[in-house]
Amino acid sequence: MLSKEIQDALNDQIKNEYFSSYTYLSMAAYCESINMGGFATWMRLQSEEELGHAMRIFDYILNRDGRVVLQSIGKPQTKFKSLKEMFQIVLDHEREVTGMINKLYEQAISESDHATTVELQWFIQEQVEEEKTAQEILDKLKLAGDSGSALLILDTQLSERSSAQ
Ligand code: MG
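The structure contained in this document is the topic of the report that follows.

What counts, and at which threshold
- All chains use their own residue numbering, which begins from 1 and follows the written sequence.
- The predicted nature of this model means local features are confined to residues of pLDDT at least 70 and side-chain atom pairs, given and counted, to a pLDDT of 80 or more, with totals for whole chains, interfaces and linings taken over all residues.
- Water and hydrogen atoms play no part in the side-chain values, which are based on all heavy atoms of the structure.
- We count a stretch as a helix when DSSP gives it H or I for four or more residues in a row; a strand needs E for two or more, and each element gets its number in order from the N terminus.
- Any helix carries an expected span of 1.5 Å times its number of residues minus one.
- Think of it in three bands: residues with accessible area under 20% of the maximum for their type are buried, residues over 50% are exposed, and the middle band is partly exposed, with areas taken using a 1.4 Å probe on protein chains only.
- The directions from the helix axis to the C-beta atoms form the arc being described.
- Every residue pair with non-hydrogen atoms within 4.5 Å of one another is taken to be in contact.
- A pair is scored as a salt bridge if a Lys or Arg side-chain nitrogen falls within 4 Å of a carboxyl oxygen belonging to Asp or Glu.
- With water omitted from the atoms examined, metal sites may look incomplete; donors here are N, O and S atoms no farther than 2.8 Å from the metal, or 3.2 Å in the case of Na, K and Ca.

Regarding helix 5 (residues 148-159)
Link 1 in the chain: With 12 residues, helix 5 extends 16 Å between its outermost C-alpha atoms, agreeing within 8% with the 16 Å of an ideal straight helix rising 1.5 Å per residue.
Link 2 in the chain: Inspection of helix 5 places Leu-151, Leu-154, Asp-155 and Leu-158 among the buried residues, and these make up the whole buried set. All buried residues of helix 5 fall inside an arc of 105° around its axis, so they share one side. Pointing more than 90 degrees away from the buried face of helix 5 are the exposed residues Ser-149, Leu-152 and Ile-153.
Link 3 in the chain: On the buried face of helix 5, the contacting elements are helix 2 (37-63) and helix 4 (114-144).

Shown next as C-alpha cells:
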C-alpha cells in the first residue's frame, strides 16, 4: 500500500504531467498560428505523450490500491516570441520535471517504497530522452537563426514525427 505522503506526491505529479501536456498544446497553437505545421504536429504529439505519462501514474496509484485525487491544472504560457524562445522554455521545463521526478524518487527511497522506485526509474530514463530531444531541436534552431529556408527544413523534419513516444 502507498503511504499518504507518496500518494500525495504521485497525485501532484499527475497534475504536473497534465500541465506539461497543456503547455505543449499551447505551443502547438502558437506553431499553427505562425504556419509552422511541422512544429505544430510535433507539439501535438508531445502533448499526447505527456497525457500518457499522467495516465501511467494514474494507473500505478490504482494498482497499489491508492486513491487518485485530481487537482486543478495551471494556465500554461500562451505567448511566445519565437520558436527558439519556445524551445528554450521546453528545455527549461523538462529540466524542472526531471528535478520533480528525482525528488519523488528520493522520497520513495527514504520510505523504502521499492515498487515506487522501480516505477519511477522508467520516468528517470524518459527524462533523459526528453531533455536530449529538446536540446537537439533548440541547438538546430540556434543554428538556423533567422534563415527562413533552414526553419522550413526543420519544420519538415519535425512533421515526420509519427507517434507520441
Ligand atoms: Mg512527462
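So much for the structure itself; the text now carries on.
Notes on the pattern of salt bridges
Link 1 in the chain: With the rule as written, the count across this model stands at 7 salt bridges.
Link 2 in the chain: Between Lys-132 and Glu-136 there is a salt bridge whose closest N-O contact spans 3.7 Å. In this pair, Lys-132 and Glu-136 both sit in helix 4, 4 residues apart, roughly one turn of the helix.
Link 3 in the chain: According to the relative accessible area criterion, Lys-132 is partly exposed, its value standing at 46%.

Describing the coordination of the magnesium ion
Link 1 in the chain: Protein-derived ligands of the magnesium ion are Glu-17 (OE), Glu-50 (OE) and His-53 (ND1), with the metal-ligand distances lying across 2.1 to 2.2 Å.
Link 2 in the chain: One chain supplies every donor to the magnesium ion, and in sequence these donors are spaced E-x32-E-x2-H. Here Glu-17 is found in helix 1 (residues 4-33), whereas its partner Glu-50 is found in helix 2, with 33 residues between them in sequence.
Link 3 in the chain: Relative accessible area serves as the criterion here: at 1%, Glu-17 is assigned to the buried category.
Link 4 in the chain: Overall, the relative accessible area of 2% leaves Glu-50 in the buried class.

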